[in-house]
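# Results of the structural survey
Next come the chains, spelled out residue by residue.
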Amino acid sequence: MAAHSIETLLRLWALNQLTAEQAIGQTLQILMELEPRVQRVEQALAALQAALPKPAPPPSPSSPPKSAAPSRKR
């Protein structure tokens, strides 16, 4: 059983030509088609992120600049 497009489902629902059970069934079919695609995208993104070099952390804003004069000890 093929699922209708989301646009078709919304139109049929608005025209009261789709029962709640039919809408749920169609929605579940769409989710079943999308889930493996989303998993593949997530895996590809994770692989890409793992392959990229890690950026250097930014300097700490609480540290004084290196050019600042050292403080005097008392």
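These figures come from a predicted structure and were not determined experimentally.

## Quick word on the overall build of the protein
Looking only at helices and strands, the protein features 2 helices and 0 strands. In the form shown here, the protein has an accessible surface area of approximately 7,100 Å², with 63% of it arising from carbon and sulfur atoms.

## Quick look at helix α2 (residues 20-51)
Spacing of three or four residues puts side chains on the same side of an α-helix, whose turn is 3.6 residues. Taking 1.5 Å of rise per residue, 32 residues should cover 46 Å, and α2 covers 46 Å from first to last C-alpha, within 8% of that figure. Within the span of α2, buried status applies to A23, Q26, Q29 and I30. Residues of α2 that are buried in the fold lie against α1 (6-14).

## Side note on a nonpolar patch on the surface
A cluster of nonpolar side chains, namely I24, L28 and L31, defines an oily patch on the protein surface of about 300 Å² accessible area. Within the secondary structure layout, I24 lies in helix α2.

## What to know about unusual backbone geometry
For N16, which is not glycine, the phi torsion reads 55° and is therefore positive. By the element assignment, N16 lies in the loop between α1 and α2. With a relative accessible area of 70%, N16 lands in the exposed category.

## So, the nonpolar core
A general trend in soluble globular proteins is that nonpolar side chains are found buried together. If you look at the biggest cluster of nonpolar residues, it comprises 5 residues: L9, L12, L18, A23 and I30. Sorting the residues of this core by element identifies α1 and α2 as the ones contributing at least two each. For L12, the residues in contact, after removing those within four places along its chain, are H4, Q17 and L18.

## Section: the environment of H4
Assignment of secondary structure puts H4 in the segment before α1. Each C-alpha atom of the pair H4 and Q29 lies 9.0 Å from the other, and the pair is 25 residues apart in sequence. In contact with H4, not counting residues within four places along its chain, are L9, L12, Q26 and I30.

## Some details on the packing of α1 against α2
Following both chains from N to C, one finds α1 and α2 inclined at 170°, their axes separated by 11 Å at the closest point. One finds that α1 runs roughly antiparallel with respect to α2. When α1 is examined against α2, the residues I6, L9 and W13 are found in contact with a partner set consisting of A20, A23, Q26 and I30. Split by residue class, the contact of α1 with α2 holds 6 nonpolar, 1 polar and no charged.

Conventions used here
Residues numbered from 1 in each chain as written. Predicted model: local features only at pLDDT ≥ 70, side-chain atom pairs only at ≥ 80, totals over all residues. Heavy atoms only, no water. Helix = DSSP H or I, 4+ residues; strand = E, 2+ residues; numbered from the N terminus. Areas by Shrake-Rupley, 256 points an atom, 1.4 Å probe, with all protein chains shown as cover. Expected span 1.5 Å × (residues − 1). Buried < 20%, exposed > 50% of the residue type's maximum accessible area, 1.4 Å probe, protein only. Contact = heavy atoms within 4.5 Å. Patch = residues over 30% accessible without salt bridge, like charges linked within 9 Å, V, L, I, M, F, W, Y side chains within 5 Å. Salt bridge = Lys/Arg side-chain N within 4 Å of Asp/Glu carboxyl O. Core = buried A, V, L, I, M, F, W, Y, C linked by side-chain atoms within 4.5 Å. Axes fitted to C-alpha atoms, helices over the stretch in contact; angles between N-to-C directions. Parallel < 35°, antiparallel > 145°, perpendicular 65-115°, else oblique. Nonpolar A, V, L, I, M, F, W, Y, C, P; charged D, E, K, R; others polar.

Fair warning: the whole summary comes from geometry, so function is off the table for now.
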